[in-house]
Amino acid sequence: MDSERAPVRVVIVDDDQLVRMALRLVIDGEPDLTVVAEAADGDAAITVVDEQRPDVVLMDVRMPGRDGLSATREILTRPAPPRVLMLTTFDSDDLVLGALRAGALGFVLKDTPPPKIADAVRTVADGNPALSPAATVRVIAVATGPQSSAARDSSREAARQRLSRLTERELDTARAIADGLGNPEIAQRLHISIATVKAHTGNLFAKLAVENRVQIALLVRDAEE
């Protein structure tokens, strides 16, 4: 990482003080990361984020009062919101997809080794998805697994209505994102410049009301099921 770059500013949100202390030790032990505040629940997280304007929020999913998913949705309505990395002891389909649909850019389990947690913070700070291997397996399984006919039809129709707002080139870009391609690969596939890819991606964020590429990919998958 560039030594002249300012450290990534992190807020830790967890109802367990010992967990917050352990995470602070991990984050503050890295020269390019720094903890600027902590919060014990979702409401406090929103207040702290508004005050501190961090780069990344390490957000617990399940907390008394306002949970991490609800807090994430609220935080991501702010102008220039931070990246959110969900952190939990639970590894269920609903939590993984719920976190990603809420706008989180990553999802790691609390038993993830400290160096990998630090790497995940760096990854989401750069605007890239960060999923633990277990979470990745869950997402793939749910995206390709059985679902009730009514639920599948409803999800497909809602996704297709949102995608209908796109131009043909924007839709091509969205599909390429869903295939896991980065900007250079998308440019090569569509025979356009990287600057044009970035412009299309910006339009996708605005038209689809999403915060990151993961949400775009999920929407495309829903539409094409």
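Basis of the calculations
Residues numbered from 1 in each chain as written. Predicted model: local features only at pLDDT ≥ 70, side-chain atom pairs only at ≥ 80, totals over all residues. Heavy atoms only, no water. Helix = DSSP H or I, 4+ residues; strand = E, 2+ residues; numbered from the N terminus. Buried < 20%, exposed > 50% of the residue type's maximum accessible area, 1.4 Å probe, protein only. Contact = heavy atoms within 4.5 Å. Pairing = 2+ DSSP bridges. Right-handed = clockwise from strand over helix to strand, strands pointing away. Salt bridge = Lys/Arg side-chain N within 4 Å of Asp/Glu carboxyl O. Axes fitted to C-alpha atoms, helices over the stretch in contact; angles between N-to-C directions. Core = buried A, V, L, I, M, F, W, Y, C linked by side-chain atoms within 4.5 Å.

The helix and strand inventory of the protein chain stands at 11 helices and six strands. Looking at the 225 residues of the protein chain, the share that counts as buried comes to 43%. In the protein chain, the proportion of contacts linking residues at least 24 apart, taken out of those at least 6 apart, comes to 64%.

Time to look at the pairing of strand β1 (residues 8-13). Remark: a regular strand shows side chains that alternate across the two faces of the sheet. In terms of residue burial, β1 counts as a mostly covered element, since five of its six residues are buried. Two elements, β1 and strand β2 (residues 33-39), share six bridges in a ladder whose sense is parallel. Note that in β2 the partner of V8 across the bridge is L33. Crossover connection from β1 via helix α1 (residues 17-28) to parallel β2: handedness right-handed. As paired strands, β1 and strand β3 (residues 56-60) are joined by four bridges and run parallel to one another. Within the sheet, the bridge partner assigned to V13 lies in β3 and is M59.

Below, the discussion takes up the environment of D43. Positionally, D43 belongs in helix α2 (residues 42-52). Taking the C-alpha atoms as reference, D43 lies 9.6 Å from E74; in sequence the two are 31 residues apart.

Another point: the pattern of salt bridges. Inspection of the entire model under this criterion finds 16 salt bridges. Where D50 meets R78, a salt bridge forms, and the shortest distance between an N and an O atom there is 2.9 Å. With D50 in helix α2 and R78 in the loop between α3 (68-75) and β4 (83-88), this residue pair connects regions lying 28 residues apart in the sequence. D50 sits in the partly exposed class, given a relative accessible area of 36%. Overall, R78 belongs to the partly exposed group, its relative accessible area being 21%.

Strand order in the open sheet made by the six strands is β2-β1-β3-β4-β5-β6, with parallel pairing throughout. Sheet topology places β2 and β6 (130-131) at the edges, where each strand pairs with a single neighbour. Where β4 and strand β5 (residues 106-109) come together, four bridges link them in parallel fashion. Counterpart to T88 in the pairing with β5 is L109. Along the sheet face, α1 touches β1, β2, β3 and β4 and points at about 160° away from the line of β2. Relative to the sheet, α2 contacts β1, β2 and β3, its axis offset from that of β2 by approximately 135°.

What follows is about the nonpolar core. In terms of nonpolar packing, the biggest core is built from 25 residues, with V8, V10, I27, V56, L58, L85 and V121 touching the most fellow members. Those elements giving two or more residues to this core turn out to be β1, α1, β2, β3, β4, α4 (93-102), α5 (114-125) and α11 (213-224). Those residues in contact with V10, other than ones at most four positions away along the chain, are I27, T34, V35, V36, A37, P54, V56, L58 and V121.

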